[in-house]
Amino acid sequence: MRSHTGRPIPLDTIVVDVPAPGGGLLRAERSGGSGSPVVLLHGAGMDARLWDTVVPELARHHDVVRYDARGLGSSSLPDRPFDDVEDLTAVLDHFDLDRAALVGLSMGGETALDFTLAHPGRVGALALVGASVSGHDWPQDPQSSAYATARRQRDAAALASLELSVWASLGRTAPGGELIEAMVADNAERRIVGEQLLAHFPDRDAESRLREITVPVLVVHGDQDHPEIAAIAERLVADIPDAHGVMVPEADHYLPLRTPERLVALLLAHLA
């Protein structure tokens, strides 16, 4: 069996389309089935392939769910405003997961934090990998301006080029490089559409509420990631009561594909 991306699907994996709130479908995969449940959330402009080299070993110990966020991968393009937190709720409900550990990278980490604050009883642990956080004041620099221009002009090629130069700085020859380029290219146009309809909530400010998070939290970032990600990681570790941080060498923002063995080891230890 093969997935929507053409990659082989292990025999213990099921692929389903989860009804999304307000219409559309979210493409999801469930692997393993034994052990406690873990849900993997990818970042902006990516899809569930981010976790390709993490899932096989993680699923030997856990019930692992991953899905393509709205408008990315094989999930439906939105035609109305949508909320990533509501989408995560729909995925958990579809698989009858009352409580799960959440592992989120970048935008996925932000969603995981927002979900935990909204539904604290449904989260058993968090792992935040190169995570962003709602309420954070990102510095205005030439890169941010270039991103804004590419989005405004709906220039998918420029957006993809920026994504690779800023966030995949280790390049194509580093581990996972070809898959990273493919994901970015496949999702560039869809990302522009989806981000225009992603709902923004002015009062959603996880950064000011980090001390309310009571579950164990692992904070991971690569030593070659964007400097602001390192600053966010430091803030997460300082403000979340039960958090510890790890910096992984030889990894940029696409850490799960750059250093999968190291990340799996950290996740298994954290989730044990």
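Let us look at the structure shown here. Being a predicted model, the structure only gives us computed values, none of them experimental. (Residues numbered from 1 in each chain as written. Predicted model: local features only at pLDDT ≥ 70, side-chain atom pairs only at ≥ 80, totals over all residues. Heavy atoms only, no water.)

A closer look at the overall build of the chain
Part 1 of the reasoning: Across its full length, the chain holds nine helices and eight strands.
Part 2 of the reasoning: Whereas a compact globule of 272 residues would reach a radius of gyration of roughly 19 Å, the chain reaches 17 Å, a difference of no more than 12%.
Part 3 of the reasoning: Over its C-alpha atoms, taken along the principal directions, the chain stretches across nearly 45 × 45 × 40 Å.
Part 4 of the reasoning: Here the chain holds 272 residues, and the buried ones make up 54% of them.
Part 5 of the reasoning: For the chain, the proportion of contacts with a sequence separation of at least 24, taken over those separated by at least 6, is 73%.
Part 6 of the reasoning: As displayed, the chain has an accessible area near 11600 Å², and 53% of this comes from carbon and sulfur atoms. (Helix = DSSP H or I, 4+ residues; strand = E, 2+ residues; numbered from the N terminus. Rg over C-alpha atoms; globule rule 2.2 N^0.38 Å. Buried < 20%, exposed > 50% of the residue type's maximum accessible area, 1.4 Å probe, protein only. Contact = heavy atoms within 4.5 Å. Areas by Shrake-Rupley, 256 points an atom, 1.4 Å probe, with all protein chains shown as cover.)

Examining the layout of surface pockets
Part 1 of the reasoning: Of the pockets and cavities examined, the largest pocket occupies roughly 1200 Å³.
Part 2 of the reasoning: Looking at the lining of the largest pocket, the elements with two or more residues in it are helix 2 (84-94), helix 3 (107-118), helix 4 (142-152), helix 5 (156-167) and helix 6 (177-197).
Part 3 of the reasoning: Along the lines of polarity and charge, the residues of the lining of the largest pocket split into 17 nonpolar, 15 polar and 12 charged. (1 Å grid on protein atoms, 1.4 Å probe; cavity = no way out; pocket = protein on both sides within 12 Å on 5 of 7 lines; lining within 4 Å. Points joined across faces, edges and corners; volume = space filled by probe spheres on them. Nonpolar A, V, L, I, M, F, W, Y, C, P; charged D, E, K, R; others polar.)

Some points on the pairing of strand 2 (residues 25-31)
Part 1 of the reasoning: For strand 2, a buried count of five out of seven residues is recorded, marking the element as mostly surrounded by other parts of the structure.
Part 2 of the reasoning: Relative to strand 2, strand 1 (residues 13-19) is paired through seven bridges, and the arrangement is antiparallel. Within the sheet, the bridge partner assigned to Asp-17 lies in strand 2 and is Arg-27.
Part 3 of the reasoning: In sequence, strand 1 turns back onto strand 2 through a hairpin of five residues, with Gly-22 there showing a positive phi of about 85 degrees.
Part 4 of the reasoning: With four bridges connecting them, strand 2 and strand 4 (residues 63-67) associate as antiparallel partners. Bridge pairing in strand 4 links Ser-31 to Val-64. (Pairing = 2+ DSSP bridges.)

Comments concerning empty space enclosed by the protein
Part 1 of the reasoning: A complete count under the given rule lists three cavities of 30 Å³ or more for this structure.
Part 2 of the reasoning: A volume near 80 Å³ is recorded for the largest cavity.
Part 3 of the reasoning: Leu-41, His-42, Tyr-67, Asp-68, Ala-69, Asp-84, Met-107, Gly-108 and Thr-111 together form the lining of the largest cavity.
Part 4 of the reasoning: The element that contributes the greatest number of residues to the lining of the largest cavity is helix 3, accounting for three residues.
Part 5 of the reasoning: Class assignment for the residues of the lining of the largest cavity results in four nonpolar, three polar and two charged.
Part 6 of the reasoning: Surrounding the second largest cavity, Gly-45, Leu-159, Ala-160, Glu-163, Val-184, Asn-187, Ala-188 and Arg-191 form its lining.
Part 7 of the reasoning: Counting only elements with at least two residues in the lining of the second largest cavity, the list comes to helix 5 and helix 6.
Part 8 of the reasoning: Per element, the largest residue contribution to the lining of the second largest cavity is four residues, and it comes from helix 6.
Part 9 of the reasoning: A breakdown of the residues in the lining of the second largest cavity according to their chemical character gives four nonpolar, two polar and two charged.

Focus: the nonpolar core
Part 1 of the reasoning: Grouped together as the largest cluster of nonpolar side chains are 44 residues, with contacts concentrated most on Leu-40, Leu-50, Trp-51, Val-103, Tyr-254 and Leu-267.
Part 2 of the reasoning: Top contributing element to this core by residue count: helix 5, with six residues.
Part 3 of the reasoning: Once residues lying within four places of it in the same chain are set aside, the contact partners of Val-103 are Val-38, Val-39, Leu-40, Leu-41, Trp-51, Ala-127, Val-129 and Leu-267.
Part 4 of the reasoning: Counting residues in hydrophobic clusters, the runner-up holds 36 residues, among them Val-85, Phe-95, Val-215 and Leu-236. (Core = buried A, V, L, I, M, F, W, Y, C linked by side-chain atoms within 4.5 Å.)

With respect to the pairing of strand 3 (residues 37-41)
Note on strand geometry: in a regular strand, side chains alternate between the two faces of the sheet.
Part 1 of the reasoning: When you tally the buried positions in strand 3, you get five out of five residues, the bulk of the element.
Part 2 of the reasoning: Covered by surrounding structure in strand 3 are Pro-37, Val-39 and Leu-41 together with Val-38 and Leu-40, the residues of both alternating faces.
Part 3 of the reasoning: Examined bridge by bridge, strand 3 and strand 4 share four bridges and lie parallel to one another. Within the sheet, the bridge partner assigned to Leu-40 lies in strand 4 and is Arg-66.
Part 4 of the reasoning: Pairing of strand 3 with strand 5 (residues 100-105), which is carried by four bridges, proceeds in the parallel orientation. Within strand 5, the residue paired with Val-38 across the bridge is Ala-101.

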